[in-house]
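Each chain is listed here by its residues.
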Amino acid sequence: HKQFTNEILERHGVDSERSAGDIEAVRLEQVASTENLRGGTAAAILEVAFRHPIGLVANALGIPPQVMLDLGQKHNVPVAALVGTKEHAMTQVAAGVDIIVAVGGEAGGHTGDISTLVLIPEICNMLDAIGDDTPVLAAGGIATGAQMAATMAMGASGAWCGSVWLTTAEAETNPVVKEKMLAASSRDTVRARSRTGKPSRQLRSPWTDAWQAEGAPSALPMPLQSLVAEPPLRVIDKLSQGDNQGAKDLATYWVGQGVGLMNEQMTAGQVVQGFKEDFITAYERLATNLGE
Ligand SMILES: Cc1cc2nc3c(=O)[nH]c(=O)nc-3n(C[C@H](O)[C@H](O)[C@H](O)COP(=O)(O)O)c2cc1C
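This one's a predicted model, so the numbers in the text were calculated from it and none came from an experiment. (Residues numbered from 1 in each chain as written. Predicted model: local features only at pLDDT ≥ 70, side-chain atom pairs only at ≥ 80, totals over all residues. Heavy atoms only, no water.)

This part takes up the overall build of the protein. Within the protein, the regular secondary structure consists of 12 helices and 8 strands. A compact globule built from 292 residues should have a C-alpha radius of gyration of about 19 Å, and the protein, at 21 Å, falls within 12% of that. Across its three principal axes, the protein shows a C-alpha extent of roughly 65 × 50 × 35 Å. Within the protein, the fraction of its 292 residues that count as buried is 42%. Sequence separation of at least 24 residues holds for 62% of the intrachain contacts in the protein that already meet a minimum separation of 6. Surface summary for the protein: the accessible area is close to 15000 Å², and the carbon and sulfur share equals 53%. Side chains of the protein carry 22 positive and 33 negative charges; the gap between the two charge centres is 5 Å. (Helix = DSSP H or I, 4+ residues; strand = E, 2+ residues; numbered from the N terminus. Rg over C-alpha atoms; globule rule 2.2 N^0.38 Å. Buried < 20%, exposed > 50% of the residue type's maximum accessible area, 1.4 Å probe, protein only. Contact = heavy atoms within 4.5 Å. Areas by Shrake-Rupley, 256 points an atom, 1.4 Å probe, with all protein chains shown as cover. Lys, Arg positive; Asp, Glu negative; His and termini not counted. Charge placed at Lys NZ, Arg CZ, Asp CG, Glu CD.)

Put into structure tokens, the structure is as follows:
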């Protein structure tokens, strides 16, 4: 796998031998961070989080560890869980989470393959049927107030956005990638295992294309694939901000299909103001239709 990533770099004019030291340094960092996945370390990190006045804690990729549920209850902090199927949602409410974040396949980052438009009513109807009033936040592809209104019309209590912040003025997104995102259409993402070992949606680039090509190695299971992909990607990220055209081409990051709706750079405040105005317009549009 390391050989394969070096070949991608070389094909795009990034000298893998010259970058080998930087790549290995990031790899060691990554190896150290896999420690965070172990029970004892995760609990210690949660203890730190709960020493701060947090309003919410969220867990992805499975049921929250019991220590997170216990600390949430002790500190009166709601515990949310990200889910991609109705079955996941059922397991999460049985485990006692306070909020379900229903993430459609359009989403950036780790995601399933059920679209938001289907997933939200599926989960809301299922909760209704079992008489469970756990609130659902809709996620996946949401970048406008009208989409928020649509998901709330389907039973969601609110929305949860990730990608839309990546092109804001405040975001620490690599400026080269930010420009690519502003120019991208909704077809310019790919859901693939090649970054972390589990399916995650990313901006398409020659890097993601290489992993999708015939003959590419299969992704290793999490967390091993991150040890393969993240170090060269971090080096690509750094070089892309200089004058290395190959690195600029290869640069990519997680983003959802909502990238097609992210067409101009705004401040986070402007995005929120836009949400409010668009939500009201959508709501009024429906109210008028009903009147007619
Ligand atoms: C760059 C990026 C990084 C993310 N990292 C995480 C993460 O570490 N943990 C997590 O639970 N979700 C993560 N997500 C998923 C978001 O929490 C959210 O569910 C998703 O972005 C919603 O869909 P959207 O991107 O279409 O708005 C990430 C999303 C993006 C775009």
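Attention shifts here to the pairing of strand β8 (residues 200-203). Within a regular strand, side chains alternate between the sheet's two faces. Of the strand pairs in this sheet, strand β4 (residues 109-110) and β8 are connected by 2 bridges, and their pairing is antiparallel. Residue pairing across strands places His-110 opposite Ser-200, the latter belonging to β8. As judged from the 4 bridges shared by strand β7 (residues 189-192) and β8, these two strands associate in the antiparallel manner. Looking at β8, one finds that Thr-189 is bridged to Leu-203. (Pairing = 2+ DSSP bridges.)

Another aspect to go through is the packing of helix α5 (residues 86-95) against helix α6 (residues 116-129). Between α5 and α6, whose axes approach to 9 Å, the crossing angle comes to 40 degrees. Looking at the two axes, α5 sits oblique to α6. Regarding α5 and α6, the two cross each other, and that crossing is right-handed. Contact residues: α5 offers Lys-86, Ala-89, Met-90 and Val-93, while α6 offers Leu-119, Glu-122, Ile-123, Met-126 and Leu-127. When the residues that make up the contact of α5 with α6 are grouped by side-chain class, the tally is 7 nonpolar, no polar and 2 charged. (Axes fitted to C-alpha atoms, helices over the stretch in contact; angles between N-to-C directions. Parallel < 35°, antiparallel > 145°, perpendicular 65-115°, else oblique. Left-handed = near helix turned anticlockwise from the far one by under 90°. Nonpolar A, V, L, I, M, F, W, Y, C, P; charged D, E, K, R; others polar.)

Spatial relationships are all this shows, so hold off on functional conclusions.
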